[in-house]
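# Observations on chain architecture
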Amino acid sequence: MARPSTHAAPKAVGRRQSILDSPQDRPAARSDSAPAGPAQESRQKRVVRNGTATNDLVFSAYVDGNEAMLPRILDLYVAPGSTVADVTYGKGVFWRNVQGELYNLLATDLQTGVDCRELPYDDGVIDCVVFDPPYMHTPGGTAHATQQPFERYYRNNDTGNRTKAKYHEAVLALYEDGGKEAYRVLRPRGVMIVKCQDEVCSNRQRFTHVEIIEAYQELGFVAEDLFVVVRNNRPGVSRAVRQVHARKNHSYFLVFWKRDRPSALWTAPE
Ligand SMILES: C[S@@+](CC[C@H](N)C(=O)[O-])C[C@H]1O[C@@H](n2cnc3c(N)ncnc32)[C@H](O)[C@@H]1O
(Lines give C-alpha, C1' and ligand atoms only; values in the text may rest on other atoms or scores of the structure.)
Protein backbone atom coordinates (compact mmCIF):
# COMPACT_ATOMS: atom_id res chain seq x y z
CA MET A 1 0.00 0.00 0.00
CA ALA A 2 1.36 3.41 -0.93
CA ARG A 3 2.06 5.58 2.06
CA PRO A 4 2.17 9.36 2.08
CA SER A 5 5.54 11.08 2.04
CA THR A 6 6.78 12.38 5.38
CA HIS A 7 7.32 15.77 3.81
CA ALA A 8 4.89 18.56 4.59
CA ALA A 9 3.60 20.82 1.85
CA PRO A 10 6.44 21.92 -0.44
CA LYS A 11 5.59 25.53 0.37
CA ALA A 12 6.75 24.99 3.95
CA VAL A 13 9.90 23.09 3.01
CA GLY A 14 11.03 25.58 0.42
CA ARG A 15 13.10 24.82 -2.65
CA ARG A 16 15.44 21.92 -2.17
CA GLN A 17 18.94 22.75 -3.09
CA SER A 18 21.59 20.08 -3.20
CA ILE A 19 25.18 21.17 -3.49
CA LEU A 20 26.41 17.75 -4.46
CA ASP A 21 23.87 16.33 -6.85
CA SER A 22 25.72 14.22 -9.33
CA PRO A 23 24.57 14.13 -12.97
CA GLN A 24 23.57 10.47 -12.75
CA ASP A 25 21.21 11.25 -9.89
CA ARG A 26 19.34 13.89 -11.84
CA PRO A 27 16.14 12.94 -13.68
CA ALA A 28 16.66 12.63 -17.42
CA ALA A 29 16.40 15.97 -19.21
CA ARG A 30 13.15 16.31 -21.09
CA SER A 31 13.21 17.52 -24.66
CA ASP A 32 10.76 20.38 -25.33
CA SER A 33 9.81 18.88 -28.68
CA ALA A 34 8.98 15.43 -27.27
CA PRO A 35 6.38 15.49 -24.50
CA ALA A 36 6.83 12.79 -21.88
CA GLY A 37 4.75 9.69 -22.49
CA PRO A 38 3.72 7.11 -19.87
CA ALA A 39 6.86 5.03 -20.52
CA GLN A 40 9.16 7.96 -19.85
CA GLU A 41 7.24 8.97 -16.72
CA SER A 42 7.40 5.46 -15.27
CA ARG A 43 11.14 5.38 -15.96
CA GLN A 44 11.54 8.62 -14.02
CA LYS A 45 9.48 7.37 -11.05
CA ARG A 46 11.88 4.63 -10.18
CA VAL A 47 12.75 5.31 -6.52
CA VAL A 48 10.45 3.76 -3.95
CA ARG A 49 10.66 5.13 -0.43
CA ASN A 50 8.29 4.42 2.41
CA GLY A 51 6.03 2.70 -0.11
CA THR A 52 5.78 5.69 -2.45
CA ALA A 53 7.30 5.89 -5.93
CA THR A 54 9.15 9.16 -6.28
CA ASN A 55 11.73 11.02 -8.29
CA ASP A 56 12.53 13.11 -5.28
CA LEU A 57 16.00 11.86 -4.37
CA VAL A 58 17.43 12.60 -0.96
CA PHE A 59 20.93 14.05 -1.28
CA SER A 60 23.81 14.14 1.17
CA ALA A 61 24.26 17.93 1.27
CA TYR A 62 21.89 20.89 1.21
CA VAL A 63 21.99 24.62 1.60
CA ASP A 64 19.00 24.81 3.87
CA GLY A 65 17.60 25.14 7.39
CA ASN A 66 17.44 22.35 9.99
CA GLU A 67 13.67 22.16 9.66
CA ALA A 68 14.04 21.03 6.06
CA MET A 69 16.44 18.22 6.93
CA LEU A 70 14.59 15.96 9.35
CA PRO A 71 11.71 15.15 6.94
CA ARG A 72 14.20 13.99 4.33
CA ILE A 73 16.15 11.82 6.76
CA LEU A 74 13.01 10.29 8.27
CA ASP A 75 11.69 9.63 4.81
CA LEU A 76 14.80 7.64 3.96
CA TYR A 77 15.45 5.87 7.27
CA VAL A 78 12.35 5.63 9.45
CA ALA A 79 9.13 3.87 8.51
CA PRO A 80 5.87 5.77 9.07
CA GLY A 81 4.16 4.62 12.26
CA SER A 82 7.48 4.36 14.10
CA THR A 83 7.92 5.59 17.66
CA VAL A 84 10.43 8.44 17.55
CA ALA A 85 11.90 9.92 20.73
CA ASP A 86 13.27 13.43 20.21
CA VAL A 87 15.21 13.72 23.46
CA THR A 88 16.37 17.33 22.94
CA TYR A 89 13.14 18.64 21.44
CA GLY A 90 13.79 22.29 22.30
CA LYS A 91 11.34 24.43 20.36
CA GLY A 92 10.54 21.60 17.98
CA VAL A 93 12.07 23.34 14.96
CA PHE A 94 13.14 19.99 13.48
CA TRP A 95 9.52 18.88 13.34
CA ARG A 96 8.02 21.91 11.65
CA ASN A 97 7.79 20.20 8.27
CA VAL A 98 7.00 16.67 9.38
CA GLN A 99 3.38 15.62 9.09
CA GLY A 100 2.22 15.11 12.67
CA GLU A 101 0.28 11.90 12.13
CA LEU A 102 3.13 9.99 10.48
CA TYR A 103 5.10 9.15 13.63
CA ASN A 104 4.41 8.50 17.26
CA LEU A 105 6.55 11.39 18.53
CA LEU A 106 7.80 11.37 22.12
CA ALA A 107 9.13 14.91 22.64
CA THR A 108 11.27 15.55 25.73
CA ASP A 109 13.97 18.04 26.78
CA LEU A 110 15.92 19.02 29.88
CA GLN A 111 13.71 22.10 29.96
CA THR A 112 10.67 19.88 30.43
CA GLY A 113 12.40 17.84 33.14
CA VAL A 114 13.71 14.86 31.13
CA ASP A 115 17.45 14.40 30.92
CA CYS A 116 18.59 12.62 27.77
CA ARG A 117 21.00 10.60 29.94
CA GLU A 118 18.13 9.12 31.92
CA LEU A 119 15.18 8.52 29.65
CA PRO A 120 11.85 7.27 31.04
CA TYR A 121 11.62 4.36 28.58
CA ASP A 122 12.21 0.62 28.92
CA ASP A 123 15.06 -1.09 27.11
CA GLY A 124 14.61 -1.66 23.38
CA VAL A 125 11.20 -0.05 22.92
CA ILE A 126 12.03 2.96 20.70
CA ASP A 127 12.36 2.82 16.89
CA CYS A 128 14.27 6.07 16.44
CA VAL A 129 16.02 8.61 18.67
CA VAL A 130 16.65 12.19 17.52
CA PHE A 131 19.47 13.92 19.41
CA ASP A 132 20.52 17.56 19.06
CA PRO A 133 22.27 18.68 22.25
CA PRO A 134 24.10 22.01 22.55
CA TYR A 135 27.08 21.44 20.36
CA MET A 136 29.71 23.97 21.19
CA HIS A 137 31.24 25.63 24.17
CA THR A 138 31.33 29.39 24.54
CA PRO A 139 34.79 30.87 24.37
CA GLY A 140 33.45 34.30 25.25
CA GLY A 141 33.28 37.21 22.89
CA THR A 142 30.90 37.26 19.98
CA ALA A 143 32.10 34.33 17.88
CA HIS A 144 29.34 31.90 18.83
CA ALA A 145 26.71 34.37 19.92
CA THR A 146 24.19 33.24 17.33
CA GLN A 147 24.68 29.52 17.90
CA GLN A 148 23.63 27.11 20.62
CA PRO A 149 26.38 27.24 23.21
CA PHE A 150 26.66 24.42 25.72
CA GLU A 151 26.93 26.63 28.77
CA ARG A 152 23.64 28.43 28.17
CA TYR A 153 21.75 25.20 28.87
CA TYR A 154 23.67 24.27 31.98
CA ARG A 155 23.93 27.63 33.68
CA ASN A 156 21.51 27.79 36.60
CA ASN A 157 19.97 24.40 36.08
CA ASP A 158 19.71 21.75 38.74
CA THR A 159 21.29 18.86 36.90
CA GLY A 160 24.47 20.62 35.82
CA ASN A 161 26.49 18.98 33.14
CA ARG A 162 27.27 16.05 35.50
CA THR A 163 30.85 15.90 34.40
CA LYS A 164 34.13 17.46 35.41
CA ALA A 165 34.91 17.85 31.73
CA LYS A 166 35.04 21.34 30.35
CA TYR A 167 34.60 23.02 27.02
CA HIS A 168 34.78 20.70 24.06
CA GLU A 169 35.24 17.64 26.28
CA ALA A 170 32.02 18.50 28.11
CA VAL A 171 30.19 18.75 24.79
CA LEU A 172 31.55 15.34 23.77
CA ALA A 173 30.68 13.82 27.16
CA LEU A 174 27.02 14.75 26.65
CA TYR A 175 27.03 13.24 23.16
CA GLU A 176 28.54 10.05 24.56
CA ASP A 177 26.26 9.75 27.58
CA GLY A 178 23.19 10.59 25.48
CA GLY A 179 24.35 8.01 22.93
CA LYS A 180 24.65 5.32 25.60
CA GLU A 181 21.15 5.98 26.85
CA ALA A 182 19.75 6.07 23.31
CA TYR A 183 21.42 2.72 22.65
CA ARG A 184 19.66 1.29 25.68
CA VAL A 185 16.16 2.42 24.68
CA LEU A 186 16.49 1.65 20.95
CA ARG A 187 15.34 -1.69 19.59
CA PRO A 188 17.86 -3.69 17.54
CA ARG A 189 18.17 -1.94 14.13
CA GLY A 190 16.64 1.18 15.67
CA VAL A 191 17.89 4.45 14.16
CA MET A 192 19.68 7.31 15.87
CA ILE A 193 19.75 10.71 14.16
CA VAL A 194 22.36 13.05 15.63
CA LYS A 195 22.92 16.71 14.85
CA CYS A 196 26.39 18.13 15.45
CA GLN A 197 28.88 20.73 14.35
CA ASP A 198 32.66 20.77 14.41
CA GLU A 199 34.38 23.53 16.36
CA VAL A 200 37.72 25.14 16.90
CA CYS A 201 38.36 25.07 20.63
CA SER A 202 41.37 26.86 22.13
CA ASN A 203 42.80 27.20 18.65
CA ARG A 204 42.56 23.46 18.13
CA GLN A 205 40.50 22.00 15.33
CA ARG A 206 37.95 19.53 16.71
CA PHE A 207 36.13 17.43 14.15
CA THR A 208 33.24 16.66 16.45
CA HIS A 209 31.43 14.57 13.86
CA VAL A 210 34.43 12.22 13.59
CA GLU A 211 34.76 11.98 17.37
CA ILE A 212 31.06 11.13 17.68
CA ILE A 213 31.23 8.50 14.94
CA GLU A 214 34.19 6.84 16.65
CA ALA A 215 32.55 6.91 20.08
CA TYR A 216 29.20 5.59 18.80
CA GLN A 217 30.83 2.76 16.88
CA GLU A 218 32.41 1.70 20.18
CA LEU A 219 28.92 1.64 21.69
CA GLY A 220 27.66 -0.77 19.01
CA PHE A 221 26.11 1.64 16.53
CA VAL A 222 26.76 1.47 12.80
CA ALA A 223 27.43 4.86 11.18
CA GLU A 224 25.22 4.63 8.08
CA ASP A 225 24.90 8.11 6.62
CA LEU A 226 26.08 11.67 6.92
CA PHE A 227 24.27 14.81 5.79
CA VAL A 228 25.95 18.20 5.45
CA VAL A 229 23.83 21.29 5.99
CA VAL A 230 25.25 24.58 4.78
CA ARG A 231 23.73 27.61 6.40
CA ASN A 232 21.58 29.76 4.23
CA ASN A 233 22.32 32.82 6.35
CA ARG A 234 25.59 34.59 7.01
CA PRO A 235 27.79 33.01 9.73
CA GLY A 236 28.68 35.13 12.79
CA VAL A 237 31.25 37.85 12.36
CA SER A 238 34.59 37.32 14.07
CA ARG A 239 36.75 40.07 15.52
CA ALA A 240 39.86 37.91 15.15
CA VAL A 241 42.78 39.98 13.94
CA ARG A 242 44.05 37.19 11.77
CA GLN A 243 41.94 34.29 10.61
CA VAL A 244 43.54 30.93 11.36
CA HIS A 245 40.84 28.37 10.46
CA ALA A 246 37.94 28.44 8.05
CA ARG A 247 34.84 29.87 9.68
CA LYS A 248 32.36 27.03 9.89
CA ASN A 249 29.14 27.52 8.03
CA HIS A 250 28.08 23.90 7.92
CA SER A 251 26.85 21.26 10.33
CA TYR A 252 25.93 17.59 10.16
CA PHE A 253 23.13 15.15 10.65
CA LEU A 254 24.60 11.71 11.32
CA VAL A 255 22.53 8.56 10.99
CA PHE A 256 23.37 5.49 13.06
CA TRP A 257 21.59 2.22 13.69
CA LYS A 258 21.87 -0.27 16.49
CA ARG A 259 23.75 -3.27 15.14
CA ASP A 260 21.88 -6.51 15.71
CA ARG A 261 24.55 -8.93 14.46
CA PRO A 262 28.20 -8.51 13.43
CA SER A 263 27.96 -8.52 9.66
CA ALA A 264 24.47 -7.09 9.29
CA LEU A 265 23.83 -4.53 6.54
CA TRP A 266 21.32 -1.74 6.53
CA THR A 267 18.18 -2.16 4.42
CA ALA A 268 15.62 0.52 3.62
CA PRO A 269 12.58 0.43 5.94
CA GLU A 270 9.49 -1.34 4.60
C1 LIG B 1 20.24 22.86 19.98
S2 LIG B 1 18.90 22.84 21.06
C3 LIG B 1 17.78 21.69 20.30
C4 LIG B 1 16.92 22.33 19.26
C5 LIG B 1 15.84 21.40 18.74
N6 LIG B 1 16.40 20.34 17.93
C7 LIG B 1 14.79 22.14 17.95
O8 LIG B 1 14.49 21.71 16.82
O9 LIG B 1 14.23 23.12 18.44
C10 LIG B 1 19.55 21.91 22.38
C11 LIG B 1 18.52 21.43 23.37
O12 LIG B 1 19.14 20.47 24.22
C13 LIG B 1 18.52 20.59 25.48
N14 LIG B 1 19.37 19.91 26.45
C15 LIG B 1 20.58 20.30 26.94
N16 LIG B 1 21.05 19.38 27.79
C17 LIG B 1 20.13 18.38 27.84
C18 LIG B 1 20.04 17.17 28.56
N19 LIG B 1 21.02 16.77 29.40
N20 LIG B 1 18.94 16.39 28.38
C21 LIG B 1 17.95 16.78 27.55
N22 LIG B 1 17.97 17.94 26.85
C23 LIG B 1 19.06 18.73 27.00
C24 LIG B 1 18.38 22.07 25.68
O25 LIG B 1 17.41 22.35 26.66
C26 LIG B 1 17.99 22.52 24.28
O27 LIG B 1 16.58 22.58 24.13
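Predicted model only: the values in this text are computed from it and were never measured.

A separate point is the overall build of the protein. Check the secondary structure of the protein and you find six helices and eleven strands. In the protein, which comprises 270 residues, the share counted as buried stands at 28%. When contacts within the protein are restricted to residue pairs at least 6 apart in sequence, long-range pairs at least 24 apart make up 72% of them.

The end-to-end C-alpha distance of helix H5 (residues 167–185), which contains 19 residues, comes to 28 Å, matching closely the 27 Å that a straight helix rising 1.5 Å per residue would cover. All of the buried residues in H5 are His 168, Val 171, Leu 174, Tyr 175, Gly 178, Gly 179, Ala 182, Tyr 183 and Val 185. The buried residues of H5 occupy an angular sector of 165 degrees when the element is viewed end-on, so they sit on one face.

Moving on, we get to the site of the ligand. Surrounding the ligand, one finds 18 residues, the nearest of these being Thr 88, Gly 90, Val 93, Leu 110 and Cys 116. Residues of the shell around the ligand, tallied by class, amount to eight nonpolar, five polar and five charged.

When the pLDDT values of the protein are averaged, the result is 79; 67% of them are 70 or greater. A low-confidence stretch, residues 1–36 stays under pLDDT 50, and its non-local contacts, those more than four residues away or across chains, total 55 contacts. Note on residues 139–149: pLDDT is under 50 here. Beyond four places in sequence and across chains, it has 19 contacts.

Nonpolar side chains in soluble globular proteins tend to end up buried together. Within the largest apolar cluster, 46 residues are counted, with the highest numbers of intra-cluster contacts made by Ile 73, Val 129, Met 192, Ile 193 and Phe 253. When contributions to this core are tallied by element, the ones reaching two or more residues are helix H3 (69–77), strand E4 (83–86), strand E6 (126–131), H5, strand E7 (186–196), helix H6 (208–219), strand E10 (221–230) and strand E11 (250–258). With residues near it in sequence (within four places) discarded, Ile 73 still touches Ile 193, Phe 227, Phe 253 and Val 255.

Turning next to the sheet that holds E10. Strand order in the open sheet made by the seven strands is E3-E10-E11-E7-E6-E4-E5, with mixed pairing throughout. Only two strands of the sheet have a single neighbouring strand rather than two, namely strand E3 (61–63) and strand E5 (104–107). Each strand of the sheet is rotated relative to its neighbour by a mean of 20 degrees, with strand direction disregarded. Of the strands in this sheet, E4, E6, E7, E10 and E11 touch H5, which is tilted by about 165 degrees from E6. Running over the sheet, H6 touches E7, E10 and E11 and is turned about 160 degrees from E10.

Time to look at the pairing of E10. As defined by bridge partners, E3 adjoins E10 across three bridges and the pair is classed as parallel. Bridged to Tyr 62 within E10 is Val 229. As paired strands, E10 and E11 are joined by nine bridges and run antiparallel to one another. Among the inter-strand pairings, Phe 221 is bridged to a residue of E11, identified as Lys 258.

Turning our attention to H6. Between its first and last C-alpha atoms H6 spans 16 Å; for twelve residues at 1.5 Å apiece the expected length is 16 Å, and the two agree. Buried residues along H6 sit against H5, E7, strand E8 (199–201), strand E9 (204–206), E10 and E11.

Every regular strand shows the same layout, with side chains that alternate between the two sheet faces. Of all eleven residues that make up E7, eight are buried, and the element is covered over most of its length. In terms of strand pairing, E6 meets E7 through five bridges, oriented parallel. By the bridge assignment, Cys 128 is partnered in E7 with Val 191. Here six bridges tie E7 to E11, and the two strands are oriented antiparallel to one another. Pairing of Val 191 across the sheet is with Trp 257, part of E11.

What follows concerns the environment of Arg 184. By secondary structure assignment, the location of Arg 184 is in helix H5. With 16 C-beta atoms packed within 10 Å, Arg 184 lands in the partly exposed category. When the C-alpha atoms of Arg 184 and Gly 124 are compared, they prove to be 6.3 Å apart, with 60 residues separating the residues in sequence.

Basis of the calculations
- Residues numbered from 1 in each chain as written.
- Predicted model: local features only at pLDDT ≥ 70, side-chain atom pairs only at ≥ 80, totals over all residues.
- Helix = DSSP H or I, 4+ residues; strand = E, 2+ residues; numbered from the N terminus.
- Buried ≥ 20, exposed ≤ 12 C-beta atoms within 10 Å, placed from the backbone.
- Contact = placed C-beta atoms within 7 Å.
- Expected span 1.5 Å × (residues − 1).
- Arc of directions from axis to C-beta.
- Near = placed C-beta within 6 Å.
- Nonpolar A, V, L, I, M, F, W, Y, C, P; charged D, E, K, R; others polar.
- pLDDT = per-residue confidence, 0-100.
- Core = buried A, V, L, I, M, F, W, Y, C linked by C-beta atoms within 7 Å.
- Pairing = 2+ DSSP bridges.
- Axes fitted to C-alpha atoms, helices over the stretch in contact; angles between N-to-C directions.

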